[in-house]
Amino acid sequence: MTDSVQSQIDSVIKGNDIVLFMKGTPQMPQCGFSQRVSAILAAHEVPYVSINILLDPAVREGIKIYSDWPTIPQLYVKQEFIGGCDIVSEMHENGELADVLKPFVKAA
Amino acid sequence: MNPADIIRQVLQETFKPTHLDMIDESYKHAGHAGARDGGGHFIVSITAEAFTGLSRVQKHRLVNEATRHLFGEVIHALSIQAKGPNE
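Model, not experiment: these values are computed from the prediction. (Residues numbered from 1 in each chain as written. Chains lettered and ligands numbered in written order. Predicted model: local features only at pLDDT ≥ 70, side-chain atom pairs only at ≥ 80, totals over all residues. Heavy atoms only, no water.)

Q: Is there a simple way to think about the packing of helix α2 (residues 32–43) of chain A against helix α4 (residues 85–94) of chain A in this case?
A: Packed helix pairs are specified by the crossing angle of their axes together with the interaxial distance, meaning the distance between the axes. Residues and elements named next belong to chain A. At a closest axis distance of 10 Å, the pairing of α2 and α4 adopts a crossing angle of 30 degrees. The way α2 lies across α4 gives a crossing that is left-handed. Where α2 abuts α4, its residues F33, R36, V37 and I40 lie against C85, V88, S89, H92 and E93. Taken together, the residues of the contact of α2 with α4 sort by class into 5 nonpolar, 2 polar and 2 charged. (Axes fitted to C-alpha atoms, helices over the stretch in contact; angles between N-to-C directions. Helix = DSSP H or I, 4+ residues; strand = E, 2+ residues; numbered from the N terminus. Left-handed = near helix turned anticlockwise from the far one by under 90°. Contact = heavy atoms within 4.5 Å. Nonpolar A, V, L, I, M, F, W, Y, C, P; charged D, E, K, R; others polar.)

Structure, rendered in structure tokens:
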């Protein structure tokens, strides 16, 4: 694992309000868990940056180390690690996610 | 021992849970792109004192930490519902 991957990941997370590390893309997710989280973000109508970790094995392993979290997807909001599919789904269902995402909802 | 029993044993020994349920959903995902690296898909529901008062991310981290050595070969995806006895 090179430091450059860690600093690459760090700068993406610091440079964007909402970042989703996922398998595939929002248009073509490659895993049901990634699909679910990207669909939830779409439902909240917030712009976000998605990183397809399948494109680069170094990023795929690097994000697990960066977050100390063994699975994908992983959601960051304002540099804070929110969680994976379980946590995002739960927060979506109980309304907490709406509060977290509210500042980033696209102006109508 | 099958994979679900391996995970169950690890969680049992680590957390001495008052409630522990494991569901093996691997059959639902066999063959999809993300599952090619081996391990299965499991859902764990666990209640133990260790989770009391922790945030969701902290709870998941505890379970992830306990099962870290199983990721890859045994576990591909682990869906976690963890709580303290009074939550």
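Read on for the rest.
Q: What is the right way to look at α4 of chain A in this model?
A: An α-helix turns once per 3.6 residues; consequently, residues spaced three or four apart project the same way. Every buried residue of α4 of chain A is accounted for by C85, D86, I87, V88, S89 and M91 of chain A. For α4 of chain A, the secondary structure elements touched by its buried residues are α2, β3 (74–77), β4 (80–83) and α5 (96–101) of chain A together with α3 (56–67) and β3 (75–83) of chain B. Trailing α4 of chain A by a residue or two, G95 of chain A shows a phi angle of about 90 degrees, which is positive. (Buried < 20%, exposed > 50% of the residue type's maximum accessible area, 1.4 Å probe, protein only.)

Q: Sorry, what's going on with the side chain of Q74 of chain A here?
A: Residue and element names in this part refer to chain A. Tracing the backbone shows Q74 in strand β3. According to the relative accessible area criterion, Q74 is buried, its value standing at 0%. Side chain to side chain, Q74 and S67 meet in a polar contact 2.5 Å long. Here Q74 is in contact with V19, L20, F21, I63, K64, S67, W69, F81 and G83, once residues within four sequence places are set aside. (Polar contact = N/O pair within 3.5 Å; in protein donor to acceptor, adjacent residues only side chain to side chain.)

Q: Explanation requested: the side chain of S34 of chain A in the structure shown.
A: Residues and elements named next belong to chain A. Counting through the fold element by element, S34 comes out in helix α2. The buried category is assigned to S34, whose relative accessible area is 0%. Side-chain polar atoms of S34 contact the backbone nitrogen of K23, separated by 3.0 Å. Dropping the residues within four chain positions of it, S34 is found in contact with M22, K23, I72 and P73.

Q: What's the story with the pattern of salt bridges in this structure? I'm lost.
A: Pairing of side chains with opposite charge becomes possible as their charged atoms draw close. A full pass over the atoms with the stated rule returns 10 salt bridges over all chains. In this structure, the salt-bridge partner of E93 of chain A is R36 of chain A, at a minimum N-O distance of 3.0 Å. Of the two residues, E93 of chain A is situated in helix α4 and R36 of chain A in helix α2; the sequence distance between them amounts to 57 residues. E93 of chain A gets classed as exposed once you look at its relative accessible area, which sits at 60%. Residue R56 of chain B is joined to E96 of chain A by a salt bridge in which the shortest nitrogen-to-oxygen separation is 2.6 Å. Separated into two different chains, R56 of chain B in helix α3 and E96 of chain A in helix α5 make up a pair that spans both. Exposure remark for E96 of chain A: the relative accessible area of 32% places this residue in the partly exposed category. Here the salt bridges do not stand alone but share partners, grouping D68 of chain A together with E65 and R68 of chain B into one network. (Salt bridge = Lys/Arg side-chain N within 4 Å of Asp/Glu carboxyl O.)

Q: How do you make sense of the pairing of strand β2 (residues 49–52) of chain A when you look at a structure like this?
A: The side chains of a regular strand alternate, residue by residue, between the two faces of the sheet. As defined by bridge partners, strand β1 (residues 18–22) of chain A adjoins β2 of chain A across 4 bridges and the pair is classed as parallel. Note on β2 of chain A: the bridge partner recorded for L20 of chain A is S50 of chain A. (Pairing = 2+ DSSP bridges.)

Q: It is not clear to me how the interface of chain B and chain A should be interpreted in this structure. Could you clarify?
A: It is common to give the size of an interface as the accessible area lost on bringing the parts into contact. Listed per partner, the contact involves 17 residues of chain B and 19 residues of chain A. Both faces considered, chain B and chain A share a buried interface measuring about 1400 Å² in area, 53% of it formed by carbon and sulfur atoms. Sorting the residues of chain B by area buried against chain A places R56, V57 and R61 of chain B first, and these three jointly supply 40% of that buried surface. The tally of links between chain B and chain A comes to 3 salt bridges. Note that R56 of chain B is salt-bridged to E90 of chain A, the shortest N-O span being 2.9 Å. Joining chain B to chain A, the criterion identifies 7 residue pairs in polar contact (both at pLDDT 80 or more). Of all the elements in the fold, those that place two or more residues in the side of chain B that touches chain A are α3 and β3 of chain B. Here the side of chain B that touches chain A is built from residues that sort into 6 nonpolar, 7 polar and 4 charged. (Buried area = accessible area lost by both parts, 1.4 Å probe.)

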